[in-house]
Amino acid sequence: MLTELSIKNFAIIDELSIHFQSGLTVLTGETGAGKSIIIDALGLLVGGRGSVEFVRYGEKKAELEGLFIIEDTTHPIYQKTQDLGIEIMDDHMLVLHRTISHTGKSICRINGKLTTLAIIKEIGQTILDIHSQHETQSLLDKDKHIELLDYFHESNHPGFTKDYKKLYKQWKELKNKYDANNKNEQELAQRIDLLEFQLNEIQNAELEPNEDELLTNERNELHHFESIHQNMNDAYNALHGEQKGLDWLSHASNNLEEAGDHNKDIQNMHQQFVDHYFMIEELSYQIRQHLDQMDYEPGRLEIIESRLHEIDQLKRKYGQSVEEIMTYSAKIEEELEEIKHRDHHLSNLQETLKEIGNDLLIEAKELHKIRLRAAKALEKAVLSELKDLYLEKTIFQVGVTYSKSEAGFSFEGVKVLPKNNGINQVQFLISTNPGEPVKELDKIASGGEMSRIMLALKNIFSKHQGITSVIFDEVDTGVSGRVAQSMAEKIYNISSGSQVLCITHLPQVASIADTHLRIEKQIQNDRTRTLVHELSFNERIDEIGKMITGAELTEASRTHAKELIEMNHKEK
């Protein structure tokens, strides 16, 4: 859920910090006080399109920051952030930050890490859903309807698309490989020439594993040959000879041996000393042997430099190391083999592709049957919600058909092309007037009807989409009376599974809220600023009383407001 929102130099807001609670929070206030500006700020915070117009006049940048707490570690946001390399700490905190400069540039951060606007949008859409009267949402996007239907079904049947998606991945990889191999002859001839040239160049170099590292080490040794030889020689001479290191160590060993004749601890000490003496003596022999083998060849350095230059030229083309070059060589050798025998490979690929394709269609057909059953269940659930909202004459249909494509292949009399989610097209259709045909959701004219339909769908899908915070911006426009009370109850029901923030002008909605925030506009030093105040019980009565009358507060409206709050409190 969203626990805190900080806004600075945004529109008419100079600086504002709002703390949000769980459950249903309503925001009320006079027109122009800045209610929708707060929702706009949230929209931009989760990746909405920015504009320099949002930067407060006279300021260089606007800053937005939101703190989200996601305690459910199974929430999809955890996998999504992990895939994107973003860490959510043990405190379950996710901080989104966005800065918009007066030049129009945006800087986005997630948990302090710089990121792109596309990523912050992807993350934001997973945890926050904003719905307004005039804004097209995923519920109106028919391309999203198949996802919503699957969300609805998956709540009771988790992983029902898993087998299909696994098979689709195999099929897609094979198809891409088949298409890549099935190029025209001219492209293949050019590809063969390129690969043969590269392979010959690498093979003629006769590279050895780790050759570049070994040569670099040898070059370094030759550059410092004189210094190495002098130091090794001095080390050996310091150990060997009369009155030298090993001689003195031998004297020390004899002294310890004699002392150990009378003390057991010293005997043990002597034994350890002897062991180390032999190790040093062995190392002195190795030093001598290395010195004897050292031989400076003036021409060797030139050979090494030439060879390293040759390897560097290959690295620029084929890899960062000899190992990567050799791996690339093996890869192109395999590709050459496939191209030269492509007829055989294509035949095998085509056969395998056909077998997996048949299996894929069987799984897709099963998905189709499941979605048809899920569609009936969803229709029933939506109609139940609409009945509560006094749209009992409404017809709601979930159309599940095959998605046709001329680029696909024949299946049950139509041509279909498998996609990641199957071969279906899903569309929500509705008719609010008896005798009228069902239409697409966005073809509904009445604002009041649209508000209720959207609310009914939100009430169902908010439980299945994993959204932690749902924002309603005046979705109750165009309704009143018993419909308003029913909408208030629906909005409150959504808040049982997700945090809900709602801008409203309806006293029915305001009275059922868990938290009530009033947005006010003040003028200080000839500048307008927005303030947010959490209302006490008595302040809520006054605010809702004014909403009832639409003008001045009266004792009758205060009484009515108090009754509304108490009635809804009992209902909750």
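Analysis parameters
Residues numbered from 1 in each chain as written. Predicted model: local features only at pLDDT ≥ 70, side-chain atom pairs only at ≥ 80, totals over all residues. Heavy atoms only, no water. Helix = DSSP H or I, 4+ residues; strand = E, 2+ residues; numbered from the N terminus. Buried < 20%, exposed > 50% of the residue type's maximum accessible area, 1.4 Å probe, protein only. Contact = heavy atoms within 4.5 Å. Areas by Shrake-Rupley, 256 points an atom, 1.4 Å probe, with all protein chains shown as cover. Lys, Arg positive; Asp, Glu negative; His and termini not counted. Charge placed at Lys NZ, Arg CZ, Asp CG, Glu CD. Pairing = 2+ DSSP bridges. Axes fitted to C-alpha atoms, helices over the stretch in contact; angles between N-to-C directions. 1 Å grid on protein atoms, 1.4 Å probe; cavity = no way out; pocket = protein on both sides within 12 Å on 5 of 7 lines; lining within 4 Å. Points joined across faces, edges and corners; volume = space filled by probe spheres on them. Salt bridge = Lys/Arg side-chain N within 4 Å of Asp/Glu carboxyl O. Phe/Tyr/Trp six-rings, centres within 6.5 Å; stacked < 30°, edge-to-face > 60°. Lys NZ or Arg CZ within 6 Å of the ring centre and 35° of its normal. Core = buried A, V, L, I, M, F, W, Y, C linked by side-chain atoms within 4.5 Å. Arc of directions from axis to C-beta. Parallel < 35°, antiparallel > 145°, perpendicular 65-115°, else oblique. Left-handed = near helix turned anticlockwise from the far one by under 90°. Nonpolar A, V, L, I, M, F, W, Y, C, P; charged D, E, K, R; others polar.

Caption draft 1: A look at the overall build of the protein. What the protein contains, in helices and strands, is 18 helices and 17 strands. Counting only C-alpha atoms, the protein reaches 115 × 75 × 55 Å along its principal axes. Buried positions account for 42% of the 572 residues belonging to the protein. Counting contacts in the protein only where the partners sit at least 6 residues apart, residues at least 24 apart contribute 70% of the total. If you sum the accessible surface of the protein, you get close to 31800 Å²; carbon and sulfur atoms cover 48% of it. Once the 64 positive and 95 negative side-chain charges of the protein are each reduced to a mean point, those two points are 12 Å apart.

Caption draft 2: Region of the structure containing the sheet that holds strand 13 (residues 439-440). One open sheet holds the three strands; their spatial order is 9-12-13, and the pairing between them is antiparallel. Edge strands, defined here as strands with exactly one partner in the open sheet, are strand 9 (395-402) and strand 13. As judged from the two bridges shared by strand 12 (residues 424-431) and strand 13, these two strands associate in the antiparallel manner. Counted as the bridge partner of Leu429 is Glu440 from strand 13. Contacting strand 9 and strand 12, helix 4 (residues 145-154) runs over the sheet at an angle of about 90 degrees to strand 12.

Caption draft 3: Up close: the layout of surface pockets. Approximately 480 Å³ is the volume attributed to the second largest pocket. Residue lining of the second largest pocket: 20 residues in total, with Asp143, Ile146, Glu147, Asp150 and Asn421 positioned closest to the centre. Elements represented by at least two residues in the lining of the second largest pocket include exactly helix 4, helix 5 (162-181) and strand 12. For the lining of the second largest pocket, the leading source of residues is helix 4, giving five residues.

Caption draft 4: Representation of the pattern of salt bridges in the model. Using the criterion set out here, one finds 20 salt bridges in the structure. In this structure, the salt-bridge partner of Arg300 is Glu218, at a minimum N-O distance of 2.8 Å. Taken as a pair, Arg300 in helix 11 (residues 298-318) and Glu218 in helix 7 (residues 211-223) lie far apart in primary sequence, 82 residues in all. Looking at Arg300, the relative accessible area reads 27%, which means it is partly exposed. A salt bridge links Asp292 to Arg288; its shortest N-O distance comes to 3.2 Å. Taken together, the residues span about one helical turn, with Asp292 and Arg288 both in helix 10 (residues 264-293) at a distance of four residues. Here Asp292 falls in the exposed class, since its relative accessible area comes to 57%. Overlapping salt bridges bring together Glu211, Arg307 and Glu310 as one network.

Caption draft 5: Spotlight on the sheet that holds strand 4 (residues 61-69). The strand order 2-1-4-5-6-7 describes an open sheet built from six strands, whose pairing is antiparallel. Because the sheet does not close on itself, it has two edges, and the strands there are strand 2 (13-19) and strand 7 (113-115). With strand direction ignored, the average angle separating the axes of adjacent strands in the sheet is 15 degrees. Bridge count for strand 1 (residues 2-10) against strand 4 is six bridges, and the pairing is antiparallel. Pairing of Leu2 across the sheet is with Phe68, part of strand 4. On the sheet, helix 1 (residues 35-45) packs against strand 1, strand 2, strand 4 and strand 5 (93-101) and is oriented at approximately 100 degrees with respect to strand 1. Along the sheet, helix 3 (residues 117-127) makes contact with strand 4, strand 5, strand 6 (106-110) and strand 7, crossing strand 5 at roughly 135 degrees.

Caption draft 6: View of the packing of aromatic side chains. Scanning the model with the defined rule gives seven aromatic pairs in all. A ring pair is formed by Tyr168 and Trp171, whose centres lie 5.9 Å apart and whose planes are at 35 degrees; its orientation type is tilted. Within this pair, Tyr168 and its partner Trp171 are both found in helix 5, separated by three residues, close to a single helical turn. Across this residue pair, the class does not change: Tyr168 and Trp171 are buried. For the ring pair Tyr277 and Phe278, a centre distance of 5.8 Å and an interplane angle of 65 degrees mean the geometry is edge-to-face. For Arg288, the ring lying beneath its charged end belongs to Tyr236, and the centroid distance is 5.0 Å.

Caption draft 7: Molecular detail of the side chain of Thr432. On the secondary structure map, Thr432 appears in the loop between strand 12 and strand 13. A residue is classified by how much of its surface remains accessible, and Thr432, at 12% relative accessible area, is buried. Apart from residues no more than four positions distant in its own chain, Thr432 is found in contact with Thr394, Glu449 and Ile453.

Caption draft 8: The nonpolar core, seen in detail. Judged by nonpolar contacts, the single largest core of 53 residues is most densely connected at Leu378, Val398, Phe428, Ile453 and Phe472. The element that contributes the greatest number of residues to this core is helix 14 (residues 447-461), accounting for eight residues. Not counting chain neighbours up to four residues away, the residues in contact with Ile453 comprise Leu386, Leu391, Ile430, Thr432, Leu441 and Ile444. In this structure, Val46, Leu128, Leu501 and Ile503 belong to the second largest nonpolar core, which totals 42 residues.

Caption draft 9: The arrangement of helix 3 in detail. Every buried residue of helix 3 is accounted for by Ile120, Ile123, Gly124, Thr126 and Ile127. Projected down its long axis, helix 3 carries its buried residues within an arc of 155 degrees, all on one side. For helix 3, the exposed residues lying more than 90 degrees away from the buried face are Ala118 and Gln125.

Caption draft 10: Summary view of the packing of helix 5 against helix 13 (residues 342-388). Axis separation between helix 5 and helix 13 bottoms out at 9 Å; the angle between their running directions is 155 degrees. In terms of their interaxial angle, helix 5 and helix 13 are classed as roughly antiparallel. Seen along the crossing, helix 5 lies across helix 13 with a hand that is left-handed. Residue composition of the contact of helix 5 with helix 13, grouped by class: 13 nonpolar, five polar and six charged.

Caption draft 11: Geometry of helix 4. Burial within helix 4 is extensive, with seven of its 10 residues counted as buried. Three or more residues of helix 4 are buried, namely His145, Ile146, Leu148, Leu149, Asp150, Phe152 and His153.

Caption draft 12: Up close: the pairing of strand 4. Direction of pairing for strand 4 relative to strand 5: antiparallel, over a ladder of nine bridges. Bridge pairing in strand 5 places Ala62 opposite Ile100.

Caption draft 13: Local environment of the environment of Glu324. Position of Glu324 relative to the elements: it lies in helix 12 (residues 322-340). Contacts of Glu324, omitting those with residues within four sequence positions, involve Tyr318 and Gly319.

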